[in-house]
Amino acid sequence: MSANETINFYLLDKAIRTYRNYSQKKLKERGLKITVDQWLIMKVLSENPGIPQIDLAKKVFKDNASVTRIIDILVKTKYLDRKANPKDRRTSILKVTAAGENIIEMVQDLVLENRKIAQSGIAIEDLENLNSTLQKIIINCRL
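Heads up: these notes are all about the structure in this document. Because the structure is a prediction, the values reported are computed rather than measured. Residue positions within a chain follow its written sequence, with the count starting from 1. It should be noted that, the model being predicted, local features are given only for residues of pLDDT at least 70 and side-chain atom pairs only at 80 or more, the latter also being counted only at that level, while totals for whole chains, interfaces and linings use all residues. Side-chain descriptors were evaluated using all non-hydrogen atoms of the structure, hydrogens and water having been removed beforehand.

### A short note on the overall build of the protein chain
A count of helical and extended segments in the protein chain gives six helices and two strands. Helices and strands appear in the protein chain in the N-to-C order α-α-α-α-β-β-α-α. Under the scheme applied here, a residue whose accessible area is under 20% of the maximum for its type counts as buried, over 50% as exposed, and between as partly exposed, the area being computed with a 1.4 Å probe on protein chains only. By the burial criterion, 26% of the 143 residues in the protein chain qualify as buried. Here a residue-residue contact requires only that any non-hydrogen atoms of the pair lie within 4.5 Å. When contacts within the protein chain are restricted to residue pairs at least 6 apart in sequence, those whose partners lie at least 24 apart make up 45%. Working convention for charge: Lys and Arg count positive, Asp and Glu count negative, and His plus the chain ends are omitted. Where a charge sits is defined by one atom per residue type, namely NZ (Lys), CZ (Arg), CG (Asp) or CD (Glu). Positive and negative side-chain charges of the protein chain, numbering 25 and 17 respectively, have mean locations separated by a distance of 7 Å. Helix numbering and strand numbering both begin at the N terminus, where a helix is a DSSP run of H or I of at least 4 residues and a strand a DSSP run of E of at least 2.

See the structure below:
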């Protein structure tokens, strides 16, 4: 295996972590008391009403226990409403509150700004090649 083959995954991980740290810093600078993961969970719930928690966890690439902890925080901060599911008492029905929808919108604008900054100076063709390459890696690694 060449050095480039091993460095690519290190750089990919570093780029993701650096972007997440940058995004979290920008949220804090704006006075938004929410994490990137909390926002992502609310965004997915908002776009997929009634989604089961197990499917939510898959969509945000988190384990179920982490999603449960994040949901608990979002319920306490009144960004999510949780009700018992009358059809299955083992599950809950989650709904983004008006305050949650408001924060989703505020963060969405910042996310778009962050992406623009992160991708500045990168040619469209390079981004398309990156997307294609990442899709191939995903396909190669599917279990």
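### Side note on the side chain of Asn85
Inspection of the secondary structure assignment puts Asn85 in the loop between strand S1 (80-84) and strand S2 (92-96). On the basis of relative accessibility, which here comes to 17%, the residue Asn85 falls in the buried class. For this analysis, a polar contact is any N or O atom pair within 3.5 Å, provided that within protein one partner can donate a hydrogen and the other can accept it, and provided that sequence-adjacent residues contribute only side-chain to side-chain pairs. At 3.1 Å, the side chain of Asn85 and the side chain of Thr91 are in polar contact. Dropping the residues within four chain positions of it, Asn85 is found in contact with Thr91, Ser92 and Ile93.

### Side note on the environment of Leu74
Counting through the fold element by element, Leu74 comes out in helix H4 (residues 64-76). When its relative accessible area of 0% is taken as the criterion, Leu74 is described as buried. When the C-alpha atoms of Leu74 and Thr97 are compared, they prove to be 9.9 Å apart, with 23 residues separating the residues in sequence. Leaving out residues up to four positions away in the same chain, Leu74 has contacts with Gln38, Ile41, Met42, Tyr79 and Leu80.

### What to know about the packing of helix H2 (residues 36-47) against helix H5 (residues 98-118)
With axes taken as lines fitted to C-alpha atoms, and helix axes fitted only over the stretch in contact, angles between N-to-C directions fall between 0 and 180 degrees. Axis separation between H2 and H5 bottoms out at 10 Å; the angle between their running directions is 115°. Relative to H5, the element H2 lies roughly perpendicular. With respect to the hand of their crossing, H2 and H5 are arranged in left-handed fashion. Packed against H2, whose contacting residues are Trp39, Met42, Lys43 and Ser46, the element H5 presents Gly100, Glu101, Ile103, Ile104, Val107, Gln108 and Val111 at the interface. Should an angle fall under 35 degrees it is called roughly parallel, over 145 degrees roughly antiparallel, and 65 to 115 degrees roughly perpendicular, with every other angle called oblique. Each crossing gets its handedness from the near helix: less than a right angle anticlockwise from the far helix is left-handed, clockwise is right-handed.

### Details of H5
Each residue after the first adds 1.5 Å to the expected span of a helix. When the terminal C-alpha atoms of H5 are compared, their 30 Å separation across 21 residues agrees well with the 30 Å that a helix rising 1.5 Å per residue should span. Those residues of H5 lying buried are Gly100, Ile103, Ile104, Val107, Gln108, Leu110, Val111 and Asn114.

### Quick look at the pattern of salt bridges
Where charged atoms from two side chains of opposite charge approach closely, those side chains can pair. Salt-bridge detection follows one rule: a side-chain nitrogen of Lys or Arg within 4 Å of a carboxyl oxygen of Asp or Glu. The tally for this structure, following the rule as stated, stands at nine salt bridges. For Lys43, the salt bridge goes to Glu47, with nearest N and O atoms at 3.0 Å. Here Glu47 and Lys43 lie together in helix H2, a separation of four residues that amounts to about one turn. A salt bridge links Lys83 to Asp81; the shortest N-O distance between them is 3.1 Å.

Read these as spatial facts, not as claims about activity.
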